[in-house]
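Architecture and fold: a report
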Amino acid sequence: MDMGIKGKRALVCASSKGLGRGCAEALAAEGVDLVLNARGSDALEATAAAIRAVHGVDVVTVAADITTPAGREAVLAAAQGVDILVTNAGGPPPGTWSDWDRDDFIAALDANMLTPIALMQALMPAMIDRGWGRVVNITSGSVKAPIPALGLSNTARTGLTGFVAGTSRQVAGSGVTINNLLPGIHATDRAIQLDTGVSTAQGISMEQAKVNRSATIPAGRYGTAQEFGAACAFLCSDHAGFIVGQNLLLDGGAVNATL
Ligand code: NAP
């Protein structure tokens, strides 16, 4: 299917690896020019070079921490006028409800709630003026079904989800859609980090931790960045203009719910 977005321009945050990279590659495959971002420049430049080589699109890179005001300023300077915004950043560390103090919550809110909100506030006005725009926020399955060890994620991402629920209805009439993609367990560095946490906490091997976590997924496996990216490209496509304020769970059926 032609997604109808060839020649458009997208900012994909936190995109040198993992799910952000999957989204960037899927958009590039549709002929979308990219602004890519990550903190580390080596992986970022390698990803940009690979995408240019395979898809022949224009790729600008900004090595910066998207969760800081200075990092956002640098990224936004390169991303003015984008048609598509994919927000993403690293997830908060695991722990227990009684571990976290105010600073921990503020850091999680800054990274996973206030940063995507600031990016939407900066980039959506121009989309509204042009009468077309797409925003996809990478959040987490923890929004639908809380993950006890990821209380900081449960908290911050639910706040973002509330903002999107209200705001998406305010901008939809201008041709701008905002939706959230909710990853379940995907085979990325983040999954390795969480497997390591399970392995250490339970005194089991990494392999056993992965087997145990895969057994919680009806699909019987971890998701891939490629299939995650394909869902992102569809939500960013011209065909998705009537999908507004939705939360699409990509989790292989792990959340056992009718709706
Ligand atoms: P990943 O494989 O660890 O990749 C993270 C990417 O984001 C890297 O390119 C990293 O590059 C970049 N990044 C991290 N923090 C950044 C920051 N502050 N500023 C700019 N770039 C940053 O992670 P992932 O699995 O793709 O996860 C993406 C998001 O989905 C995370 O918020 C994660 O919590 C969430 N999620 C993932 C899963 C899963 O199973 N994978 C499940 C639920 C939710 P640098 O380190 O060089 O900055």
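Computed from a predicted model, the values in this text were never measured in an experiment.

A separate point is the overall build of the protein. Within the protein, the regular secondary structure consists of eight helices and seven strands. Relative to the compact-globule value of 18 Å for 259 residues, the protein shows a C-alpha radius of gyration of 18 Å, a close match. Each of the three principal axes of the protein carries a C-alpha extent, and together these read 55 × 40 × 40 Å. Put simply, the protein has 259 residues, and 46% of those count as buried.

With that settled, the discussion passes to the environment of Ala 29. Within the element layout of this structure, Ala 29 appears in helix H1 (residues 18-29). Once the C-alpha coordinates of Ala 29 and Val 57 are considered, the two residues, 28 residues apart in sequence, prove to be 8.6 Å apart.

The full set close to the ligand counts 28 residues, and Ser 16, Leu 19, Arg 39, Ala 89 and Thr 188 are the nearest of them. Contact distances for the ligand include 3.0 Å between an oxygen atom and a backbone N or O atom of Lys 17. Thr 188 places a polar side-chain atom, nitrogen or oxygen, 2.4 Å from an oxygen atom of the ligand. In isolation the ligand has 880 Å² of accessible area, and contact with the protein removes 90% of it.

With that settled, the discussion passes to the packing of helix H4 (residues 102-130) against helix H5 (residues 151-171). The relative placement of two packed helices comes down to the angle between their axes together with the axis-to-axis distance. It is the contact of H4 with H5, at a shortest axis distance of 8 Å, that shows an interaxial angle of 20 degrees. Relative to H5, the element H4 lies roughly parallel. Note on packing geometry: the crossing formed by H4 with H5 is right-handed. For the pair formed by H4 and H5, the contact residues are Asp 104, Phe 105, Ala 108, Leu 109, Asn 112, Met 113, Pro 116, Ile 117, Met 120, Met 124 and Ile 128 on the first element and Leu 152, Thr 155, Ala 156, Arg 157, Gly 159, Leu 160, Phe 163, Val 164, Thr 167 and Val 171 on the second. Residues of the contact of H4 with H5, tallied by class, amount to 15 nonpolar, four polar and two charged.

Going through the model one piece at a time under the given rule, you end up with one aromatic pair. Seen in terms of ring centroids, Trp 100 and Phe 105 are 6.2 Å apart; in terms of plane orientation they differ by 80 degrees. Their pairing is edge-to-face. Positioned over the ring face of Trp 132 is Lys 8, at 4.2 Å from the centre of the ring. One residue, Lys 210, lies across the ring of Tyr 222, its end atom 5.2 Å from the ring centre.

Its 29 residues place the ends of H4 40 Å apart at the C-alpha level, agreeing with the 42 Å of an ideal helix rising 1.5 Å per residue. At Asp 110, H4 shows its largest bend, some 45 degrees. Listed as buried for H4 are Ala 108, Ala 111, Asn 112, Met 113, Thr 115, Pro 116, Ile 117, Leu 119, Met 120, Leu 123, Met 124 and Met 127. Residues of H4 that are buried sit in contact with strand E1 (9-12), helix H3 (69-79), strand E4 (84-87), strand E5 (133-138), H5 and strand E6 (176-183). At the N-terminal boundary of H4, the capping side chain belongs to Asp 101, with an oxygen 3.1 Å from the backbone nitrogen of Asp 103. Backbone geometry just downstream of H4 places Gly 131 in the positive-phi region, at approximately 80 degrees.

Between H3 and H4, the least distance of the axes is 11 Å, while the angle of their chain directions is 30 degrees. Two packed elements cross with a definite hand, and for H3 against H4 that hand is right-handed. In this structure, H3 contributes Arg 72, Leu 76 and Ala 79 to the contact, and H4 contributes Thr 115, Ala 118, Leu 119, Ala 122 and Leu 123. Classifying every residue of the contact of H3 with H4 by side-chain character gives six nonpolar, one polar and one charged.

A word on the sheet that holds E1. Spatially, seven strands are ordered E3-E2-E1-E4-E5-E6-E7 in an open sheet, and the strand pairing comes out parallel. At either end of the open sheet lies a strand with only one pairing partner, and these are strand E3 (59-63) and strand E7 (247-250). The average angle at which neighbouring strand axes cross in this sheet is 15 degrees, direction not considered. Here four bridges tie E6 to E7, and the two strands are oriented parallel to one another. Opposite Pro 183, over in E7, you have Leu 250 as the bridge partner. Helix H2 (residues 41-55) rests against strand E2 (33-38) and E3 of the sheet, and its axis sits at about 175 degrees to E3. Here helix H8 (residues 225-235) sits on the sheet in contact with E4, E5, E6 and E7, set at roughly 165 degrees to E6.

All right, on to unusual backbone geometry then. In this model, Ala 14 sits at a positive phi of 50 degrees, which is unusual for a non-glycine residue. Of note, Ala 14 is situated in the loop between E1 and H1.

What counts and what doesn't
- Residues numbered from 1 in each chain as written.
- Predicted model: local features only at pLDDT ≥ 70, side-chain atom pairs only at ≥ 80, totals over all residues.
- Heavy atoms only, no water.
- Helix = DSSP H or I, 4+ residues; strand = E, 2+ residues; numbered from the N terminus.
- Rg over C-alpha atoms; globule rule 2.2 N^0.38 Å.
- Buried < 20%, exposed > 50% of the residue type's maximum accessible area, 1.4 Å probe, protein only.
- Near = heavy atom within 4 Å.
- Polar contact = N/O pair within 3.5 Å; in protein donor to acceptor, adjacent residues only side chain to side chain.
- Areas by Shrake-Rupley, 256 points an atom, 1.4 Å probe, with all protein chains shown as cover.
- Axes fitted to C-alpha atoms, helices over the stretch in contact; angles between N-to-C directions.
- Parallel < 35°, antiparallel > 145°, perpendicular 65-115°, else oblique.
- Left-handed = near helix turned anticlockwise from the far one by under 90°.
- Contact = heavy atoms within 4.5 Å.
- Nonpolar A, V, L, I, M, F, W, Y, C, P; charged D, E, K, R; others polar.
- Phe/Tyr/Trp six-rings, centres within 6.5 Å; stacked < 30°, edge-to-face > 60°.
- Lys NZ or Arg CZ within 6 Å of the ring centre and 35° of its normal.
- Expected span 1.5 Å × (residues − 1).
- Bend = angle between axes of the 7 residues up to and from the residue.
- Pairing = 2+ DSSP bridges.

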